[in-house]
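Chain residues, written in single-letter form:
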Amino acid sequence: DAKTTQPPSMDCAEGRAANLPCNHSTISGNEYVYWYRQIHSQGPQYIIHGLKNNETNEMASLIITEDRKSSTLILPHATLRDTAVYYCIVRVEFGNTPLVFGKGTRLSVIA
Amino acid sequence: DTGVSQDPRHKITKRGQNVTFRCDPISEHNRLYWYRQTLGQGPEFLTYFQNEAQLEKSRLLSDRFSAERPKGSFSTLEIQRTEQGDSAMYLCASSRATGIGEQYFGPGTRLTVT
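Note that the structure is predicted; figures quoted are calculated from it, not measured. (Residues numbered from 1 in each chain as written. Chains lettered and ligands numbered in written order. Predicted model: local features only at pLDDT ≥ 70, side-chain atom pairs only at ≥ 80, totals over all residues. Heavy atoms only, no water.)

Asks: What exactly am I supposed to notice about the overall build of chain A here?
Replies: Per the secondary structure count, chain A includes zero helices and nine strands. For chain A, the sequential pattern of α-helices and β-strands runs β-β-β-β-β-β-β-β-β. By the compact-globule yardstick of 13 Å for 111 residues, chain A fits well, its C-alpha radius of gyration being 13 Å. Each principal axis of the C-alpha atoms in chain A carries an extent, and together these give about 40 × 30 × 25 Å. Evaluated residue by residue, chain A yields a buried proportion of 47% over its 111 residues. Sequence-distant contacts in chain A: of pairs separated by 6 or more residues, those separated by 24 or more amount to 57%. A total accessible area of about 5,600 Å² is found for chain A, and carbon and sulfur atoms account for 49% of it. Taking the 10 positively charged and 10 negatively charged side chains of chain A as two groups, their mean positions are separated by 3 Å. (Helix = DSSP H or I, 4+ residues; strand = E, 2+ residues; numbered from the N terminus. Rg over C-alpha atoms; globule rule 2.2 N^0.38 Å. Buried < 20%, exposed > 50% of the residue type's maximum accessible area, 1.4 Å probe, protein only. Contact = heavy atoms within 4.5 Å. Areas by Shrake-Rupley, 256 points an atom, 1.4 Å probe, with all protein chains shown as cover. Lys, Arg positive; Asp, Glu negative; His and termini not counted. Charge placed at Lys NZ, Arg CZ, Asp CG, Glu CD.)

Printed below as a string of structure tokens:
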């Protein structure tokens, strides 16, 4: 079963920041937080991952709380093409274990 | 584009028939995964390979399902005696055995069993 809890849906105005929360209160010390997204009719796409420090790449930023029990994915300037289901997953980084998806958050970016 | 490819993209079959799907991973990736996704749910893991060895199978993978990766390159997923409950999107992903474990997904094969 998924070890994360996410809101089922969120809306965001185009051009504004989208902040997607995730709770993972049972995360273990060696588990990372991964984010994937799935645009309609496509396979999931990796976005970012982190352990305890904040991470940023060209797609998004990941903020992990100090106790590591929750995190927030930030899309700084959402566009219509960011409309997708976003999945937060916890797993060991180098185990290459299968991904355990929950239901994710359906983000709708509105013009 | 040298991403993960899957064939066919869509398959409609009658209950009781056998179907086979193919996945071609990214060429330098030695890990290959199969997932199944039903409407409104996240993908669920079915099985994965490292090279030609099948390392893990989910309890979701009933006896009617079989997967192979004979030469450590492409993989096939066969479903025998299909049932209506098998209707789903079947996703394939690949990754390196080392590194951050980022998995690259194909576009999926949508199966409809009538």
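Asks: In this structure, what is going on with the sheet that holds strand β8 (residues 75–79) of chain B? I would like to understand it.
Replies: Sheet strands pair by backbone hydrogen bonding; their relative direction is either parallel or antiparallel. Residues and elements named next belong to chain B. Strand order in the open sheet made by the four strands is β1-β3-β8-β7, with antiparallel pairing throughout. Of all the strands in the sheet, just β1 (5–7) and β7 (65–68) have a single pairing partner and so form its edges. Averaged over all adjacent pairs, the angle separating strand axes in this sheet is 15°, with direction ignored. One ladder, built from three bridges, connects β1 with strand β3 (residues 19–24); its direction is antiparallel. (Pairing = 2+ DSSP bridges. Axes fitted to C-alpha atoms, helices over the stretch in contact; angles between N-to-C directions.)

Asks: Any chance you could explain the side chain of A:Asp82 here in plain terms?
Replies: With respect to the helices, strands and loops of the structure, A:Asp82 is situated in the loop between β7 (70–75) and β8 (84–92). Excluding its chain neighbours within four sequence positions, the residues that come into contact with A:Asp82 are A:Arg37, A:Leu75, A:His77, A:Leu107 and A:Val109.

Asks: What exactly am I supposed to notice about the nonpolar core here?
Replies: When a protein is soluble and globular, its nonpolar side chains tend to lie buried together. Ranked by size, the top nonpolar core spans 21 residues in total, and within it A:Leu20, A:Trp35, A:Leu73, A:Leu75, A:Tyr86 and A:Leu107 carry the most contacts. Per element, the largest residue contribution to this core is four residues, and it comes from β8(A). With residues up to four places along the chain from it excluded, the contact list for A:Leu75 reads A:Arg16, A:Ala17, A:Ala18, A:Leu20, A:Met59, A:Ala60, A:Asp82, A:Tyr86 and A:Leu107. Counting residues in hydrophobic clusters, the runner-up holds 19 residues, among them B:Val19, B:Ile26, B:Cys92 and B:Leu111. (Core = buried A, V, L, I, M, F, W, Y, C linked by side-chain atoms within 4.5 Å.)

Asks: How should the state of the cysteines be read in this particular structure?
Replies: Evaluation of the coordinates by the stated rule reveals two disulfides over all chains. The disulfide partner of B:Cys23 is B:Cys92, and the S-S distance across this bridge is 1.8 Å. Classification of the bridge connecting B:Cys23 and B:Cys92 rests on its S-S torsion, roughly -70°, and on that basis the disulfide is left-handed. Residue B:Cys23 is located in strand β3, and its partner B:Cys92 is located in strand β9 (residues 88–95); the two are separated by 69 residues in the primary sequence. Like B:Cys23, the residue B:Cys92 is buried in the burial classification. A:Cys12 takes part in no disulfide bond, and the closest cysteine sulfur, belonging to A:Cys22, lies 18 Å away. (Disulfide = S-S within 2.5 Å.)

Asks: Can you help me understand the packing of aromatic side chains in this one?
Replies: Ring pairs (aromatic) are described by centroid distance and by the angle formed between their planes. Counted under the stated rule, the structure contains 14 aromatic pairs over all chains. When the centroid spacing of 5.4 Å and the interplanar angle of 45° are considered together, the rings of B:Phe21 and B:Tyr90 count as tilted. One end of the pair, B:Phe21, is in strand β3; the other, B:Tyr90, is in strand β9, with 69 residues separating them in the sequence. The same class applies to B:Phe21 as to B:Tyr90, namely buried. Through a chain of ring-to-ring contacts, three or more aromatic side chains come together here, namely A:Tyr34, A:Tyr36, A:Tyr46, A:Tyr87, A:Phe101, B:Tyr33, B:Tyr35, B:Phe45, B:Tyr48 and B:Phe105. (Phe/Tyr/Trp six-rings, centres within 6.5 Å; stacked < 30°, edge-to-face > 60°.)

Asks: Looking at this model, I keep getting lost on the side chain of B:Asp86. Mind explaining?
Replies: Structurally, the position occupied by B:Asp86 is in the loop between β8 and β9. Leaving out residues up to four positions away in the same chain, B:Asp86 has contacts with B:Arg64, B:Phe65, B:Ile79, B:Leu111 and B:Val113.

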